Amino acid sequence: MMPLFNQRYQQALIDRQQQGLYRQLQCQETTSTTVNFASNDYLGLAQEPAIIAAWQQGLAKYGAGSGASPLVTGFKVPHANLEQQLTEWLGYKRALLFNSGFSANQAVLFTLLQAQDHLFQDKLNHASLIEAGMLSPAKMTRFAHNDMSALQRQFSKIKPTANTASLVVTEGVFSMDGDCAPLASLREMTMQHKSWLMVDDAHGCGVLGEAGQGSCHLAGITADILIITFGKAFGIQGAAVLCSDETAEYLIQFARHYIYSTAMPPAQAVALSCACSLIQTQAWRREKLQALSDSLEHQLDKCIGLIATTTPIKPIIIGDSGQTMAIAAQLEQRGIKVGAIRPPTVAPNSARLRITLTANHNDADVHQLAMALNEVVDVR
Ligand SMILES: *Cc1c(COP(=O)(O)O)cnc(C)c1O
């Protein structure tokens, strides 16, 4: 008899295929002539020679790996330096490094929340946040995207006791829509209800704000907990939690994702420090993104339905998954790679092209993109 697991897999895979939602890995050639409008490398730092050189110098000095979790012996001088640099840049007492944004989000929500607590999340928050919230002991409610009156209604339904803490979690910039959270209003409402505000600024950090400090700085607020990730604008990998002294100490004692996971390679921390300096000093990368963004919006036919955003993320909602895949394939034939995003990553019937600009694109790339979109996208 076939083991039960196999039967389940087979059925699930058949269902996926029939729904037009089957996903396939595609190995990307670095030599490919296709112009990539599907990466999160917004500032074009993933191939930056200064960062590659910093990583190499870090390797020569500190070796390939950290050798242990942070509390054992994995925490080295480059980690401490990077944390210090992040706290000064972003205006927090402490920064704690994680190997990924996914694990940082899980660590924070699992560690902070208890059964009597209330967790409020924007409906469109990243899968890592929603999953962590579901697995946490707290009561989680999701509020309609960026809808302050929906959040207010949910606050008014809870009966706080002396023992109840509440936490509101939002993204700074929403990854699949490119729009921004109403952070000033969220800060005001959370203060009113003595709730904490946590902002996952994976897509805002490096991109928004004068020196790239991100969404909160741009909105003039300070979140109680700020999550930044290094796989997007930093062009590398990893994450940090920015918080108070007490929160950092609490996480170090109790966050299992921190305690029981090997520290990132020290050489990577050296590379991240270099990226952090470039983000702060090379404002031209943000200015170029803005210019490319204006140019794209200007060259596109209006009927295409590109959603204008203040970030490098430009969605075109198509709706049907099959049609979205077909359009992405047509663009690929024209030398253009865009993200084709289907449910369950986005809501049912909201499959979309997700176009992202980077500081490495030039005017000709954006022109090629605009002409191809004008030709193949027919939303109406
Ligand atoms: C990418 C992303 C994460 C996960 O970060 P990784 O470092 O890639 O694991 C978390 N939150 C948001 C909003 C993201 O976009």
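Source: prediction; values computed, not measured. (Residues numbered from 1 in each chain as written. Predicted model: local features only at pLDDT ≥ 70, side-chain atom pairs only at ≥ 80, totals over all residues. Heavy atoms only, no water.)

**Remarks on the packing of helix H2 (residues 49-62) against helix H12 (residues 266-281)**
For clarity, the threshold we go by: Angular values range over 0 to 180 degrees, each being the angle between N-to-C directions of two axes fitted as lines to C-alpha atoms, with helices fitted over their stretch in contact. Numbering of helices and strands runs from the N terminus, with a helix taken as a DSSP run of H or I at least four residues long and a strand as a DSSP run of E at least two residues long. Each angle is binned into one of four classes, with values under 35 degrees roughly parallel, values over 145 roughly antiparallel, values of 65 to 115 roughly perpendicular, and all other values oblique. Throughout, a crossing is termed right-handed when the near helix is turned clockwise from the far one, and left-handed when it is turned anticlockwise from it by less than a right angle. For this analysis, residues touch if any pair of their heavy atoms sits within 4.5 Å. Gly is put with the polar residues, along with every residue not named as nonpolar or charged; the nonpolar set is Ala, Val, Leu, Ile, Met, Phe, Trp, Tyr, Cys and Pro, and the charged set is Asp, Glu, Lys and Arg.
Two elements in contact, H2 and H12, have axes separated by 7 Å at closest approach and are oriented at 150 degrees. Viewed along their axes, H2 and H12 adopt a mutual orientation that is roughly antiparallel. The interaxial crossing formed by H2 with H12 has right-handed handedness. Where H2 abuts H12, its residues Ala 50, Ile 51, Ala 54, Trp 55, Gly 58, Leu 59 and Tyr 62 lie against Pro 266, Ala 267, Gln 268, Val 270, Ala 271, Cys 274, Ala 275 and Leu 278. Of the residues contributing to the contact of H2 with H12, the split by class is 13 nonpolar, two polar and no charged.

**Considerations on the UniProt feature "binding site: substrate" (unreviewed entry) in the protein**
Cut-off, in case you're wondering: UniProt positions are given in the numbering used here, feature names are shortened, and annotations may be inferred rather than shown by experiment. Side-chain atoms alone can form a polar contact between residues adjacent in sequence; in general such a contact is a pair of N or O atoms within 3.5 Å, and within protein one must be able to donate a hydrogen while the other accepts it.
UniProt annotation of "binding site: substrate" (unreviewed entry) refers to Arg 23, His 126 and Thr 345 when read in the numbering used here. Residue position: His 126 is located in the loop between strand E3 (118-122) and helix H6 (127-135). The residues contacting His 126, other than those within four sequence positions of it, are Phe 102 and Glu 171. Tracing the sequence through the fold places Thr 345 in the loop between strand E10 (336-341) and strand E11 (351-356). Only 2.8 Å separates the side chain of Thr 345 from the side chain of Arg 23, close enough to count as a polar contact.

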